Amino acid sequence: MDAETSSTVRNVLFIMADQLRWDYLSCNGHPHLETPNIDALAARGVNFSKAFVQGPVCGASRMSTYTGRYVSSHGSFWNFVPLSIGVKTLGDHVRPHGVRCAVVGKTHVEADVEGAARVGLDISEGPGLLAMEGGFEPFARDDGTWPPGFKVQGNQYCDWLRSLGYESDNPWHDYANSARGANGEILSGWHLRWAEHPAAIREEHSETPYTTDRAIDFMREAGDQPWVLHLSYIKPHWPYVAPAPYNDMYNKEQIVPPVRSAAELQDQHPVLRGFRSYLPSQSFSRDEVREKVVPVYMGLIKQLDDQLGKLFAYLRESGRDQDTLIVFTSDHGDYLGDHWLGEKELFHDTAVHVPMLVVDPREQADATRGTVVDALVEAIDLAPTFLDALGLPAAPQWLEGRSLMPWLHGKPPGQWRQYVVSENSYAFRDDVRLPLNRPVDGCQMTMLRTEDWKYVHYEGLPPQLFDLRQDPQELEDLGRSDGHAAVREQLQGLLFDWFRNRKRLTTMAPQDIEAWNARELEVGINIGLW
């Protein structure tokens, strides 16, 4: 069934912010940060209050969201690990039905160039180019994070900045993500000490407004053709640099205190000890760093909210708000000093719990507008939700998530998941792996979280366990507690069940497998006939 005739939802606007914590929105309880435009989505739709990503780093998390599959299933375990051309993505599911699928902003998709070469695929155009882009038409892809001194050529944002007079081999770093000293010297955004200084760029030329404008350009160009647009904002991901006035809109008195205790540093889990020695953790464990950086992080979120107000105004003016499913989420959180950690990569809710707001414009969703759903949902639920909304085939042999449409339409499923799963590897962190003398392929970490418990399995090392009812801030690790051996055994059993039930038969739909025996008989294959 084509999208044109299937439903009143013709388009999907899939908005993702990078490294945005769940609790840094006013609709999710932040006491000082006001995000009225994001809050308006929660008022118009459903706020899924317990949404979790499948990997606590950009690449793995995004590949799960784009494929609807767990990290173990798609294999792109960390940043810069190629996504196999043999894995179907969202674009592969919608494009054959006349739906344009494009990206504005970041994807972190690493091209499987070797795989393409093996099958003789031309990656310069057509299907080959789309495969290298994770199934997205790169309308205005911009992954950012260009290092200082790096000559950036062929990046649309950098080229655009140069056209405006920001002369530099790397205007992304030198202007958009750096400040200026008293003598005009570059104060690099990679140095946290300069975070409170304004970026050396006009606000309307910074990354977030640029990304918003390109999204509006896409929607204007698309016209009446159905589309899925992945609008993927780079901020508030580091470098923590904001243009004026957002750089000093908040102050240290408005910072939420870090969630951490001195007891966490006693008898530490060996993997956590390694991550706490990592430079971002050392920095964010210092109050002076948090006092400079966290207000800027908040300012970047405020700028994002303001830009979303501009985007939503365009949707209303163009009438697209009436036929577009809107999702707002992030790819992971940011420790910001919680648990004596910086960055992400581990499995505290600080890192793996993300915002997820979904607005369905149809009348069937009227009864649930402004409600909060506290069922356990996963980022891999978005791809099947998009297909469901557009009236497209469900692709059950590929997708391991479940459509959220029943929740949106006020018809909660009779049975829902008991737990969520997230995975990562510390193989890429030598300061964690080498002291533990672990081989590269022995650094796998897997989290299983129920309503009551969080269990983290480490290959060759003790597990972690948290009692989420008694200890919702995850301050006491019970992974080696004698009194909790039975709980750990039970959760390990659930994790083993999960591993056994990954979807591996991807090249045939379930109904085709079911029909196989009848087909054999029809064509006269009678094995063992006497």
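Residues numbered from 1 in each chain as written. Predicted model: local features only at pLDDT ≥ 70, side-chain atom pairs only at ≥ 80, totals over all residues. Heavy atoms only, no water.

Another aspect to go through is the overall build of the protein chain. When you go through the protein chain residue by residue, the secondary structure sums to 20 helices and 17 strands. For the protein chain, whose C-alpha radius of gyration is 23 Å, the value lies close to the compact-globule estimate of 24 Å for 530 residues. Counting only C-alpha atoms and orienting by the principal axes, one finds that the protein chain spans roughly 95 × 65 × 50 Å. Within the protein chain, the proportion of its 530 residues that are buried is 59%. Considering only residue pairs separated by 6 or more positions, the protein chain has 72% of its internal contacts joining residues 24 or more positions apart. Accessible area for the protein chain stands at about 21,600 Å²; split by element, carbon and sulfur atoms hold 51% of it. For the protein chain, the centre of its 50 positive side-chain charges and the centre of its 74 negative side-chain charges are spaced 1 Å apart. (Helix = DSSP H or I, 4+ residues; strand = E, 2+ residues; numbered from the N terminus. Rg over C-alpha atoms; globule rule 2.2 N^0.38 Å. Buried < 20%, exposed > 50% of the residue type's maximum accessible area, 1.4 Å probe, protein only. Contact = heavy atoms within 4.5 Å. Areas by Shrake-Rupley, 256 points an atom, 1.4 Å probe, with all protein chains shown as cover. Lys, Arg positive; Asp, Glu negative; His and termini not counted. Charge placed at Lys NZ, Arg CZ, Asp CG, Glu CD.)

Strand order in the open sheet formed by 3 strands is S10-S3-S13, with mixed pairing between adjacent strands. This sheet does not close on itself; its edge strands, each paired only once, are strand S10 (353–354) and strand S13 (377–378). Note that strand S3 (residues 51–52) and S10 share 2 bridges and pair antiparallel. Bridge pairing in S10 links Phe52 to His353. (Pairing = 2+ DSSP bridges.)

Before going further, it helps to spend a moment on the side chain of Ser49. Among the structural elements, Ser49 can be located in the loop between strand S2 (46–48) and S3. In contact with Ser49, other than residues within four places in its own chain, are Trp22, His353, Val372, Val373 and Asp374.

Cis geometry marks the peptide bond from Trp238 to Pro239, where omega comes out at 0°. Tracing the chain through its elements places Pro239 in the loop between strand S8 (227–236) and helix H11 (270–276). Omega for the peptide link from Ala244 to Pro245 comes to 5°, which places this bond in the cis form. We note that His108 has phi near 65°; this positive angle belongs to a residue other than glycine.

Of all 6 residues in strand S4 (residues 100–105), 6 are buried, a share of seventy percent or more. Here 6 bridges tie S4 to S8, and the two strands are oriented parallel to one another. Bridge pairing links Gly105 to Ser232 in S8. Alignment of S4 against strand S5 (residues 137–141), held across 3 bridges, turns out to be parallel. Bridging from a neighbouring strand, Gly105 pairs with Arg141 of S5.

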